[in-house]
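# Residue-level structural notes
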Amino acid sequence: MGDLILVRHGETEWSLSGRHTGSTDIPLTENGREQAKRLAPLVASHHIAAAFVSPMQRARETARLAGVQGAWVDADLCEWDYGGYEGVTTVEIHRTRPDWFLFDDGVAPGPPEHPGESPEQVGARAERMLAKVDAALAEAEGSVVLISHGHFLRVLTARRLGLRASDGALFQLATGTVSRLSTEHRRHVVAGWNVRPPS
């Protein structure tokens, strides 16, 4: 069975400033585009059987610039729905909720179109995505690439390893990086994490 290659999109204005960016569809910065381009050799070093990408433009542009061909757009790869914390920084949230922690507490309710997700809801979405990954890995030789978002990919990694969704907190993930989940003795393992290409 092939590996699971995780690509976090390049930098945006909001990722740079620490604003929670879930449903807001903002583009990459110029630096973010450069980060995405530099990912191309890392992605090309794998034999890719299938690729899936979040519908958000920051992920789709990263996929294109990193040379990922024919990726299926899948809404299950969207970032955590931050609800009432969309566009808000952790520092701002801590002014009224000093002990707040996303992976334990989830988010404040938002508008009907983006009500927010609990860690368990994000975990369930990650499990749906992993079922699609396993189906793709079973159909063809090679690895599967997912181009998505930081918090979602952290939860997906936790679930792949048999951990709780909230344990995604353990996996720091920077913009413009590639990570690899593999197997050892038929168990899922982290084979490479938060890898930045040479600048």
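Residues numbered from 1 in each chain as written. Predicted model: local features only at pLDDT ≥ 70, side-chain atom pairs only at ≥ 80, totals over all residues. Heavy atoms only, no water.

### A word on the packing of aromatic side chains
To describe a pair of aromatic rings, one takes the distance between the centres and the angle between the planes. One pass over the full model with this rule turns up four aromatic pairs. Ring centres 5.7 Å apart and planes at 85 degrees place the aromatic pair Trp 80 and Phe 103 in the edge-to-face group. Of the two residues, Trp 80 sits in the loop between strand 3 (72–73) and helix 5 (90–94) while Phe 103 sits in helix 6 (residues 102–105), which places them 23 residues apart along the sequence. The burial state of Trp 80 is the same as that of Phe 103; both residues are buried. Centre to centre, the rings of Tyr 85 and Trp 100 are 5.3 Å apart; their planes meet at 80 degrees, and the pair counts as edge-to-face. (Phe/Tyr/Trp six-rings, centres within 6.5 Å; stacked < 30°, edge-to-face > 60°. Helix = DSSP H or I, 4+ residues; strand = E, 2+ residues; numbered from the N terminus. Buried < 20%, exposed > 50% of the residue type's maximum accessible area, 1.4 Å probe, protein only.)

### Quick notes on the layout of surface pockets
Within this model, the largest pocket holds a volume of roughly 340 Å³. If you go around the largest pocket, you meet 20 residues; those closest to its centre are Arg 8, Ser 15, Arg 19, Glu 79 and His 151. Taken together, the elements giving at least two residues each to the lining of the largest pocket come down to helix 1 (13–17) and helix 8 (150–160). Its residues assigned to classes, the lining of the largest pocket comprises four nonpolar, 11 polar and five charged. (1 Å grid on protein atoms, 1.4 Å probe; cavity = no way out; pocket = protein on both sides within 12 Å on 5 of 7 lines; lining within 4 Å. Points joined across faces, edges and corners; volume = space filled by probe spheres on them. Nonpolar A, V, L, I, M, F, W, Y, C, P; charged D, E, K, R; others polar.)

### Brief notes about empty space enclosed by the protein
Applying the stated criterion across every chain yields a total of one cavity of 30 Å³ or more. If you add up the space inside the largest cavity, you get close to 40 Å³. Lining the largest cavity are Met 1, Gly 2, Asp 3, Leu 4, Leu 137, Arg 160, Leu 181, Ser 182, Thr 183 and His 188. Element by element, the count of residues in the lining of the largest cavity is highest for strand 5 (residues 177–184), at three residues. Looking at the lining of the largest cavity residue by residue, the class counts come to four nonpolar, four polar and two charged.

### So, the sheet that holds strand 2 (residues 48–53)
Read from one edge to the other, the open sheet built from six strands follows the order 3-2-4-1-5-6, with strand pairing classed as mixed. If you trace the sheet from one side to the other, it starts and ends with strand 3 and strand 6 (187–195), each paired once. Here strand 1 (residues 4–8) pairs with strand 4 (residues 143–148) via five bridges, running parallel. Bridge pairing links Leu 6 to Leu 146 in strand 4. Helix 7 (residues 119–139) rests against strand 1, strand 2 and strand 4 of the sheet, and its axis sits at about 150 degrees to strand 4. The strands touched by helix 8 are strand 1, strand 4, strand 5 and strand 6; relative to strand 1, the strand with the most contacts, the crossing angle is about 160 degrees. (Pairing = 2+ DSSP bridges. Contact = heavy atoms within 4.5 Å. Axes fitted to C-alpha atoms, helices over the stretch in contact; angles between N-to-C directions.)

### Considerations on the packing of helix 2 (residues 30–38) against helix 4 (residues 57–65)
Running from N to C, helix 2 and helix 4 point in directions that differ by 45 degrees, and their axes come no closer than 7 Å. Taken as axis vectors, helix 2 and helix 4 run oblique relative to one another. For helix 2 against helix 4, the interelement crossing comes out right-handed. Judged by residue contacts, Arg 33, Ala 36 and Lys 37 of helix 2 engage Glu 61, Thr 62 and Leu 65 from helix 4. The class makeup of the residues in the contact of helix 2 with helix 4 is two nonpolar, one polar and three charged. (Parallel < 35°, antiparallel > 145°, perpendicular 65-115°, else oblique. Left-handed = near helix turned anticlockwise from the far one by under 90°.)

### Points about the packing of helix 7 against helix 8
Running from N to C, helix 7 and helix 8 cross one another at 70 degrees; their axes reach a closest spacing of 9 Å. With respect to helix 8, the element helix 7 is oriented roughly perpendicular. Read as a crossing pair, helix 7 and helix 8 show a hand that is right-handed. Here helix 7 contributes Val 122, Gly 123, Arg 125, Ala 126, Glu 127, Met 129, Leu 130, Val 133, Asp 134 and Leu 137 to the contact with helix 8, which in turn contributes Phe 152, Val 155, Leu 156, Arg 159 and Arg 160. Considering only residue class, the contact of helix 7 with helix 8 consists of nine nonpolar, one polar and five charged.

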